[in-house]
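# A look at the structure
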Amino acid sequence: MNKPQDLTLDPENWDQMRALGHQMIDDLFDYWQSIREQKIWRPIPEEVKDFLNLPIPENAQPAEEVYADFKNYVFPYNKGNVHPRFFAWIQGTGTPMGVLADLLASGMNPNTTIGEHSAMYVDRQVVNWCKQLMNFPAEASGILVSGGSMANITALTVARNSFGEEKIRQRGLKAASAQLVLYCSVETHSCIQKAAEIIGLGSEAVRKIGVDDQFQMDVLELESQIQDDLNQGLLPFCVVGTSGTVNTGAIDPLEELLAISKKYGLWFHIDGAYGALAKLDPAYSSRLKAIESADSLAFDLHKWLYVPYEVGCTLIRDADKHREAFAITPNYLLQESRGLSGGLDSINNYGFELSRGFKALKIWMSLKEHGREKYANMIAQNNQQAAYLASLVEGHPDLELMAPVSMSITCFRMIKPDLDESQLKELNREILLRLQEEGIASPSSTILNGKYTLRIANVNQRTRMEDMDILVREVVRIGKEIHSF
Ligand SMILES: *Cc1c(COP(=O)(O)O)cnc(C)c1O
């Protein structure tokens, strides 16, 4: 037969694509360099939303036009977490080197699960560096995953499968003689409950223990709940402590949780998605010492290591338990001692995902670029900025601090003596929306003890002290515009 023409997705004109690629890099650098002068956020016009709702293109469009569409319809309406005054939720900024590393990682495009190739060794080295950052033992195991939620469910799966002698992995939860019960606090991130639902425990098996006025888990209530559950014939199996709660940055009493876990033979997991890395800040390291003794730890690198999305890490103290929870070797994934199928243990033996990108590279290049000490100083800087913001709030008669400052989260609101709670909520909601809509800053909000509050969470490597002054000044200005004081 006649050979049909060969098709490919590579560019017809490599020089043209190369020039376009250079243009993209230049545009990104212009964007980063001028980010402080730009609005943090802008509303998306209807016409843009319509454009982003068109059906699939049937026909080809020149690469330059595709990029022009990106520049017109996508690039200008960014979320804003690259901006120095982005403080919503808990979202990292990323770094230029991290972005370039992601580009290189995509360019090499190794599926980083199995085989003898460099990405496997970089991934292993980064996991080892993660253990070193957290002072976990060298024999511990770990895996890089997409983020804190995945890191938590990965750890809780190991906890569940290592429970008792019932072989839960093989026989399922029905093999356990009673309901397994997990303990966390009312301030614990929602992904823990979701994880408990997905691994078959069910949300009713999650005991949400109360907190004190610092939003830290009440240890007495925890212990009496464990005893109650034991008396009921249930099977307590895991305590989840949080290092840096999502609402206020609170740190659960980790040493005490560790002691209770040991006393009752429970798995001690720490959700440090946000705040485990505060361990690098000397102001917090002693309070976070118990991280080193946890059975498992989840933490994000796209938050406080400032690398671009997405990457989180799970560390497991007992590497055998970790492997026993996930290892499986189908015929099509046999390992050899030589060749492309040789090399390190498959990463799939330590988690659910099989195909994995080369997300280790952005961490590897970032840690090499700056070194551990610089990161420690950056994290300490964010914590100091939060404390500075709190001091501004406390020194201002129209502002009220809504929670003790822990780590880099500051909760405050504007107050006015003649306004009741619901009017204060409306006032502060309006302040928040105008801050965002005027493109000045992006805090978010939460409810603490029933009261609406602005919430400033700072894992931003571009923030300066002066941004805290600007934030306070603008909150007060907008507040006074809404309600003439
Ligand atoms: C962010 C966060 C999570 C979830 O992590 P993702 O990376 O968003 O999946 C879980 N727990 C805490 C305490 C967090 O701050």
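Cut-offs and rules
- Residues numbered from 1 in each chain as written.
- Predicted model: local features only at pLDDT ≥ 70, side-chain atom pairs only at ≥ 80, totals over all residues.
- Heavy atoms only, no water.
- Helix = DSSP H or I, 4+ residues; strand = E, 2+ residues; numbered from the N terminus.
- Contact = heavy atoms within 4.5 Å.
- Pairing = 2+ DSSP bridges.
- Domains from an automatic or database assignment.
- Buried area = accessible area lost by both parts, 1.4 Å probe.
- Polar contact = N/O pair within 3.5 Å; in protein donor to acceptor, adjacent residues only side chain to side chain.
- Near = heavy atom within 4 Å.
- Areas by Shrake-Rupley, 256 points an atom, 1.4 Å probe, with all protein chains shown as cover.
- Nonpolar A, V, L, I, M, F, W, Y, C, P; charged D, E, K, R; others polar.
- Buried < 20%, exposed > 50% of the residue type's maximum accessible area, 1.4 Å probe, protein only.
- Arc of directions from axis to C-beta.
- Axes fitted to C-alpha atoms, helices over the stretch in contact; angles between N-to-C directions.
- 1 Å grid on protein atoms, 1.4 Å probe; cavity = no way out; pocket = protein on both sides within 12 Å on 5 of 7 lines; lining within 4 Å.
- Points joined across faces, edges and corners; volume = space filled by probe spheres on them.
- Phe/Tyr/Trp six-rings, centres within 6.5 Å; stacked < 30°, edge-to-face > 60°.
- Expected span 1.5 Å × (residues − 1).

### Some remarks on the environment of Ala 278
Here Ala 278 is to be found in the loop between β6 (267-271) and α11 (282-285). When the C-alpha positions of Ala 278 and Met 134 are compared, they lie 9.9 Å apart, and in sequence the two are 144 residues distant. Setting aside residues up to four positions removed in sequence, Ala 278 forms contacts with Tyr 284, Ser 285, Leu 288, Trp 304, Ile 379 and Met 407.

### A few points about the sheet that holds strand β11 (residues 442-448)
Pairing is mixed across the open sheet formed by five strands, whose spatial order is β1-β11-β12-β10-β9. Across the chains shown, the open sheet's two edge strands, defined by having one partner strand only, are β1 (86-87) and β9 (399-401). Pairing analysis gives five bridges linking β11 to strand β12 (residues 451-457), with the strands arranged antiparallel. For Thr 446, the partnering residue across the bridge sits in β12 and is Thr 453.

### Side note on the domain arrangement of the protein chain
Accessible area lost on assembly of the parts is the figure often given for the size of an interface. What the domain assignment lists for the protein chain is domain 1 (22-41 + 78-96 + 371-485) and domain 2 (110-328 + 337-357). The centre of domain 1, based on its C-alpha atoms, is set 30 Å off from the matching centre of domain 2. Counting residues at the interface gives 30 residues for domain 1 and 30 residues for domain 2. Both sides of the domain 1 and domain 2 interface together cover about 2400 Å² of buried area, and 63% of this is carbon and sulfur. If you sort the residues of domain 1 by the area they bury against domain 2, Ile 90, Ile 379 and Met 407 come out on top, with a joint share of 29%. Where domain 1 touches domain 2, the interface holds 13 residue pairs in polar contact (both at pLDDT 80 or more).

### Topic: the site of the ligand
In the vicinity of the ligand, 13 residues are found, and the nearest of them are Gly 148, Ser 149, Asp 271, Asp 300 and Lys 303. In the environment of the ligand, an oxygen atom lies 2.6 Å from a nitrogen or oxygen atom belonging to the side chain of Ser 149. Protein burial of the ligand: of its 380 Å² of free accessible surface, 84% is covered by the chains. Per-class residue counts for the shell around the ligand are four nonpolar, six polar and three charged.

### Details of helix α10 (residues 254-264)
When we look at burial in α10, the residues that qualify are Leu 254, Leu 257, Leu 258, Ile 260 and Ser 261. Buried residues in α10, looked at end-on, bunch into an arc of 165°, giving them a common side. In this structure, α10 carries Lys 262 and Lys 263 as exposed residues pointing more than 90 degrees from its buried face. As for α10, its buried residues are in contact with α9 (219-231), β5 (235-242) and β6. Phi turns positive, to about 65°, at Gly 265, one or two residues after α10.

### Points about the sheet that holds β6
The mixed open sheet is built from seven strands, whose spatial order is β2-β8-β7-β6-β5-β3-β4. Each edge of the sheet is formed by a strand with only one pairing partner; in this case those strands are β2 (141-145) and β4 (206-209). With direction set aside, neighbouring strand axes in the sheet form an average angle of 20°. Pairing between β5 and β6: five bridges, direction parallel. Looking across to β6, one finds that Gly 241 is bridged to Ile 270. On top of the sheet, α9 reaches β3 (180-185), β4 and β5; it is set at about 150° to β4, its chief contact.

### Concerning the layout of surface pockets
Its boundaries defined by the atoms lining it, the largest pocket holds a volume of some 570 Å³. Forming the boundary of the largest pocket are 27 residues, of which Leu 28, Trp 32, Val 82, Val 99 and Pro 308 lie nearest the centre. At six residues, the largest contribution of residues to the lining of the largest pocket is made by helix α1 (residues 14-33).

### Brief notes about the packing of aromatic side chains
Aromatic ring pairs are defined here through the distance separating the ring centres and the angle between the ring planes. Tallied over the entire structure, the rule returns nine aromatic pairs. Both rings, one in Tyr 274 and one in Trp 304, keep their centres 5.0 Å apart while their planes meet at 25°; by these two values the pair is stacked. With Tyr 274 in the loop between β6 and α11 and Trp 304 in helix α12 (residues 301-304), the pair connects residues that are 30 residues apart, well separated along the chain. The exposure classification of Tyr 274 matches that of Trp 304, with both residues buried.

### Considering the side chain of Thr 157
Topologically, Thr 157 is positioned in helix α6 (residues 148-161). Judged by relative accessible area, Thr 157 falls into the buried class, the value being 13%. Engagement of the side chain of Thr 157 in a polar contact is seen with the backbone oxygen of Ile 153, the distance being 2.6 Å. Excluding residues that lie within four positions of it along the chain, Thr 157 makes contacts with Ile 199 and Phe 326.

### Some words on helix α4 (residues 96-108)
Counted at 1.5 Å a residue, the expected span for α4 with its 13 residues is 18 Å, and the 18 Å between its end C-alpha atoms agrees. Next to the buried residues of α4 lie α14 (360-394). Looking at the residues trailing α4, positive phi occurs at Asn 109, about 55°.

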